Amino acid sequence: MTAPTAPERTGLLDTYKRAPVTFVAGRGCELIDDRGRTYLDFLAGIAVCALGHAHPAIADAVAEQARTLVHASNLYHHEPAGRLARELVERSGLHGAFFCNSGTEANEAAIKLARKWAYRRGETQRSTILAFRGSFHGRTLGSLAATSNAAYKEGFGPLPEGFAFAPFDDVAALDAAIDDRIAGVIVEPVQGESGVHVASGEFLAALRRLCDERGALLIFDEIQCGMGRLGTLFAFESFGVIPDAVTMAKAVANGLPIGVLLAGERAAGGLQPGDHGSTFGGSPIPCAAALAHLRVRDELGLDANVRARSEQLFASLASLARRAQEVLDAPRGMGLLAGLPVRAPYDVAALVAAARERGLIAGTAGGNTLRLAPPLIVSEQDVSRAAALLESAVLSLVPQPA
Ligand SMILES: Cc1ncc(COP(=O)(O)O)c(C=O)c1O
């Protein structure tokens, strides 16, 4: 057992391993630190700043809304939440939206929806949520119970009961895993945190079929891979499988806190007045920012950019992995969510630090994997520059012959 560590001198509790950089500003795909150094941001706050930093349309929407109405409570209607719900419903073809403040809360809402949906149908034995190995659904206790990584759960028990796990992307294992105790199945179409693993269309289609046949709700956690990151607004559109519920957060308001549970026709009646709520959920400023985000992504034709830049990025990463086989395995991912596995004894944290020293911000994910999730507005030059900086960082790890 390790002893509790002292809080950092900043006054923040020591819950993150923070890198020794203080960012003071951002501009498009760049971040600027307190020494005036500029970095190319290929992490975007972990898949948050889809339109990059300090986008004028987001800044204007926030400022205007702040001068108009900041909060009125969910006991009343307000225009930004109503407009955002209608936009998301129209664009997804689903039935209704519940707004909260983060990804983990969106998943809590989805878990509650699935259980209450079964309960309302009189199926009180149907309360288990099926999740998958490698999943990450958040840090609050319900979402944590649906998260497979034991390290995140250690010491926080007892966690809520009624969660089961099946192997990810394994069609054959689903038949035994989905029975009449399963209220809902929650899956990331692309697992981000575990190291960027893309589900096959066949797996997601099998989930859809079995959930229909056996009376469970199918929930897609699109918190990291949705909101345009795969080249479609909703991740499910990239796979051609329509879930009963979708959870979103991260990029929805381009950096302002919002979480969304979208429920389809079949599931929507599961939650009724009084069943769930949130004081700040869907308050006017994040909703105004999200509406501006949707407008700008249409104007820019962002999906086409994501597809073109994705092709370029994955070609560069594959070429780098071939040339640096001692350090890297072949890249994984989809759209602008990429994982580049680092081979032992090389360490992804050292690679991320070397990239940062060269002016490139990248992230880590499980399994010693480098994670790239750049703003969706990246240009061809940005991707070329990121690839060159990454190559220099990779080469710096390999001892050069004397
Ligand atoms: C797939 C997925 N689900 C849920 C979450 C939790 O979101 P939040 O940190 O906003 O609570 C994350 C965050 O990384 C995520 O990637």
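Residues numbered from 1 in each chain as written. Predicted model: local features only at pLDDT ≥ 70, side-chain atom pairs only at ≥ 80, totals over all residues. Heavy atoms only, no water.

Quick look at the sheet that holds strand β15 (residues 360–361)
For step 1, the next point in the chain: In spatial order, the strands read β1-β2-β3-β15; together these 4 strands make up an open sheet with mixed pairing. Of all the strands in the sheet, just β1 (23–27) and β15 have a single pairing partner and so form its edges.
For step 2, the next point in the chain: In terms of strand pairing, β1 meets strand β2 (residues 30–33) through 4 bridges, oriented antiparallel. Among the inter-strand pairings, Phe 23 is bridged to a residue of β2, identified as Asp 33. (Pairing = 2+ DSSP bridges. Helix = DSSP H or I, 4+ residues; strand = E, 2+ residues; numbered from the N terminus.)

Some points on the nonpolar core
Nonpolar side chains in soluble globular proteins generally cluster together in the buried interior.
For step 1, the next point in the chain: By size, the foremost hydrophobic cluster in this structure holds 98 residues, and its most contacted members are Phe 132, Leu 207 and Leu 328.
For step 2, the next point in the chain: Ignoring anything within four residues of it in the chain, the contact list for Phe 132 reads Ser 148, Phe 165, Ala 166, Pro 167, Phe 168, Leu 174, Val 185, Ile 186, Val 187, Gln 191, Phe 203 and Leu 207.
For step 3, the next point in the chain: By size, the runner-up hydrophobic cluster in this structure holds 23 residues, among which are Ala 106, Ala 118, Ala 145 and Ala 245. (Core = buried A, V, L, I, M, F, W, Y, C linked by side-chain atoms within 4.5 Å. Buried < 20%, exposed > 50% of the residue type's maximum accessible area, 1.4 Å probe, protein only. Contact = heavy atoms within 4.5 Å.)

Comments concerning unusual backbone geometry
For step 1, the next point in the chain: Put simply, Gly 157 and Pro 158 share a cis peptide bond, and its omega is -5 degrees.
For step 2, the next point in the chain: With an omega of 5 degrees, the peptide bond running from Ala 344 to Pro 345 counts as cis.
For step 3, the next point in the chain: With respect to the helices, strands and loops of the structure, Pro 345 is situated in the loop between β14 (337–341) and α13 (348–357).
For step 4, the next point in the chain: Non-glycine residue Ala 47 carries a positive phi angle of around 65 degrees.
For step 5, the next point in the chain: For Met 227, which is not glycine, the phi dihedral falls at a positive 55 degrees.
For step 6, the next point in the chain: Within the secondary structure, Met 227 sits in the loop between β10 (217–221) and α9 (235–239).
For step 7, the next point in the chain: The class for Met 227 is buried, based on a relative accessible area of 2%.

Side note on the pairing of strand β7 (residues 182–187)
For step 1, the next point in the chain: In terms of burial, β7 is largely enclosed, as 6 of its 6 residues are buried.
For step 2, the next point in the chain: Bridge analysis of strand β5 (residues 128–132) against β7 gives 3 bridges, and the strand direction is parallel. From the neighbouring strand, Ile 129 faces β7, where its bridge partner is Gly 184.
For step 3, the next point in the chain: As paired elements, β7 and β10 share 4 bridges and run parallel to each other. By the bridge assignment for β10, Val 185 is matched with Leu 218.

Some remarks on the side chain of Arg 297
For step 1, the next point in the chain: Inspection of the secondary structure puts Arg 297 in helix α11 (residues 284–300).
For step 2, the next point in the chain: A relative accessible area of 4% places Arg 297 in the buried class.
For step 3, the next point in the chain: Ignoring sequence-local partners within four residues, the contact set of Arg 297 consists of Gly 228, Thr 232, Leu 233, Leu 302 and Asp 303.

Here we look at the site of the ligand
For step 1, the next point in the chain: All residues adjacent to the ligand are Ser 102, Gly 103, Thr 104, Asn 107, Phe 136, His 137, Gly 138, Glu 188, Asp 221, Ile 223, Gln 224 and Lys 250.
For step 2, the next point in the chain: Within the backbone of Thr 104, one N or O atom sits 2.8 Å away from an oxygen atom of the ligand.
For step 3, the next point in the chain: Interatomic distance of 3.3 Å between a backbone N/O atom of Phe 136 and a nitrogen atom of the ligand.
For step 4, the next point in the chain: Taken by itself the ligand offers 390 Å² of open surface, and the protein chains cover 82% of this.
For step 5, the next point in the chain: With 3 residues, the top contributor of residues to the shell around the ligand is helix α4 (residues 103–120). (Near = heavy atom within 4 Å. Polar contact = N/O pair within 3.5 Å; in protein donor to acceptor, adjacent residues only side chain to side chain. Areas by Shrake-Rupley, 256 points an atom, 1.4 Å probe, with all protein chains shown as cover.)

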